[in-house]
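Observations on the three-dimensional arrangement
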Amino acid sequence: MNINEIKQVMVVGAGTMGHSIAQVYAQSGFDVDIVDLKQELLNKALNKIRLNLNLLADYQRVPSDEIDSILSRIHLSTNLKVAAKRADYVVEVVSENREIKREVYSQLDEYCSSKIIFASNTSELNIFKLVDINNPERLVIQHWFRPAHIIPLVEIVAGRKTTPEVVDLSYNMLKKLGKTPIILKKFTNAFIVNKIQQAMNSAIFGLLLKGIATPEEIDLAVKTSFSLRLPVVGVVQNLDFVGLDVISDVLKNMGLELSIIKERVDQGHYGVKTSKGLFDYSGRSEEEILRKKDEKYLKILKFLEELDIFEPV
Ligand SMILES: NC(=O)c1ccc[n+]([C@@H]2O[C@H](COP(=O)([O-])OP(=O)(O)OC[C@H]3O[C@@H](n4cnc5c(N)ncnc54)[C@H](O)[C@@H]3O)[C@@H](O)[C@H]2O)c1
């Protein structure tokens, strides 16, 4: 299927994620059917979309004179069968419940044309093993982040049977929506971001459980430290700033070895201090790289201080 042939998108599930994902498709010019079980859920979803669009317009993310036409492209339905028949592309955003997912896919399989892509927003289910559909090569995970109309990232995960064409089309579609898609090399539980968040949560629960710090203190610690660095050096490039030789020693002390780091260290690539580490700094000096980074930190710090961001919301 060619992306230009896709005009009508069906979003199944109008909850926390569904309404917002549907909105993004409508903002990009697609006609969207949002399907849910009850009309009142759909009405609530449409109202949220209207509020979202107004807020986006306040922040110049959407021209306010386009809001009516965006809304006019969204249709509400409690009839999956009717919406499925006219869908060129399906986005599944129903509850994270095995039985519900299975049931919905069996209906999609029955009602949709066999070439239609099914994009699942599941957060943690191995949808490829869970559901039984004809033409499983068209099933792909597109995992969005809340609020979907603001957060750029969408993780794309293919199953063993998903074709490269479906992955390519997913990527191009998400680019067209103005998103930042990342294709995972293979399925893994919780994907990239939730996996990292899970590790953080486990540390947070441990701190709280042992009474090491209060909730306010933990958040203040995070907000005034690595949350400032994250937008600039991420979580991986930060290792280049620490120094891969140091990281390698830390790993050794833990009885661990990571080949990607060992290889770099063996070759004398320690990160910023040698102008090459996990990232390549193209021969720039350590001083130059540090200055570039620190200028960004200072701009972010000023911005955050102005917003009084260190206080809880
Ligand atoms: N909430 C998040 O932050 C988040 C983030 C990323 C991914 N997800 C994933 O997105 C999916 C939806 O999550 P959510 O938070 O929007 O859930 P939600 O409970 O807010 O919404 C799910 C919607 O699906 C509807 N639904 C249930 N069965 C249906 C059916 N047979 N036909 C049509 N609609 C049906 C429900 O009525 C509900 O409105 C889940 O797979 C979840 O894991 C959630």
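Let me sum up the structure you'll find in this document. Predicted model only: the values in this text are computed from it and were never measured.

1. Things to note about unusual backbone geometry
Cis peptide bonds are those with omega within 30 degrees of zero, and the linkage from R146 to P147 qualifies with -10°. When you line up the elements, P147 lands in the loop between β6 (139–144) and β7 (153–158).

2. Let's talk about the packing of aromatic side chains
Counting across every chain of the model gives six aromatic pairs. Seen from their ring centres, Y25 and Y89 are 6.1 Å apart, and the 50° between their planes marks the pair as tilted. Taken together, the residues span a long stretch of sequence, with Y25 in helix α1 (residues 18–27) and Y89 in strand β4 (residues 89–92) at a distance of 64 residues. The burial state of Y25 is the same as that of Y89; both residues are buried. Summarising the aromatic geometry, the rings of F128 and F187 are spaced 6.3 Å apart at their centres and angled 90° between planes, so their arrangement reads as edge-to-face.

3. Side note on the site of the ligand
Near the ligand lie 22 residues; those nearest to it are D36, E96, K101, S123 and R146. The separation between an oxygen atom of the ligand and a polar side-chain atom of N121 is 2.9 Å. For the ligand, an oxygen atom lies 2.7 Å from a polar atom in the side chain of S123. Computed on the free molecule, the ligand has an accessible area of 830 Å², of which 79% lies beneath the protein chains in the complex. Counting residues per element, the ones that place at least two in the shell around the ligand are α5 (98–111) and β6. Among the elements that take part in the shell around the ligand, α5 stands out by supplying three residues, more than any other. In terms of residue class, the shell around the ligand is made up of 10 nonpolar, eight polar and four charged.

4. Some details on helix α13 (residues 259–266)
Along α13, the residues classified as buried are I261, R264 and V265. Looking straight down α13, one finds that the buried residues subtend no more than 95° of arc, so they occupy a single side. Positive backbone phi, approximately 80°, marks G268, located one or two places after α13.

5. Quick notes on the pairing of strand β2 (residues 31–35)
The side chains of a regular strand alternate, residue by residue, between the two faces of the sheet. Among the five residues in β2, four count as buried, and that is most of the element. One ladder, built from five bridges, connects strand β1 (residues 8–12) with β2; its direction is parallel. In the strand pairing of β2, Q8 is matched with D31. Remark: the β1/α1/β2 crossover connection has right-handed handedness. Inspection of the sheet shows β2 paired to strand β3 (residues 74–77) by four bridges, in the parallel sense. Pairing of V32 across the sheet is with I74, part of β3.

6. Here's the deal with the environment of I100
Looking at the secondary structure, you find I100 in helix α5. In this structure I100 comes out as partly exposed when scored by relative accessible area, which is 35%. Leaving out residues up to four positions away in the same chain, I100 has contacts with V94 and S95.

7. Quick look at the environment of G178
When you line up the elements, G178 lands in the loop between α7 (164–176) and β8 (180–183). Note on G178: relative accessible area 58%, which makes it exposed. In this structure the C-alpha to C-alpha distance between G178 and P152, which are 26 residues apart in sequence, comes to 7.6 Å.

How each quantity is defined
- Residues numbered from 1 in each chain as written.
- Predicted model: local features only at pLDDT ≥ 70, side-chain atom pairs only at ≥ 80, totals over all residues.
- Heavy atoms only, no water.
- Helix = DSSP H or I, 4+ residues; strand = E, 2+ residues; numbered from the N terminus.
- Phe/Tyr/Trp six-rings, centres within 6.5 Å; stacked < 30°, edge-to-face > 60°.
- Buried < 20%, exposed > 50% of the residue type's maximum accessible area, 1.4 Å probe, protein only.
- Near = heavy atom within 4 Å.
- Polar contact = N/O pair within 3.5 Å; in protein donor to acceptor, adjacent residues only side chain to side chain.
- Areas by Shrake-Rupley, 256 points an atom, 1.4 Å probe, with all protein chains shown as cover.
- Nonpolar A, V, L, I, M, F, W, Y, C, P; charged D, E, K, R; others polar.
- Arc of directions from axis to C-beta.
- Pairing = 2+ DSSP bridges.
- Right-handed = clockwise from strand over helix to strand, strands pointing away.
- Contact = heavy atoms within 4.5 Å.

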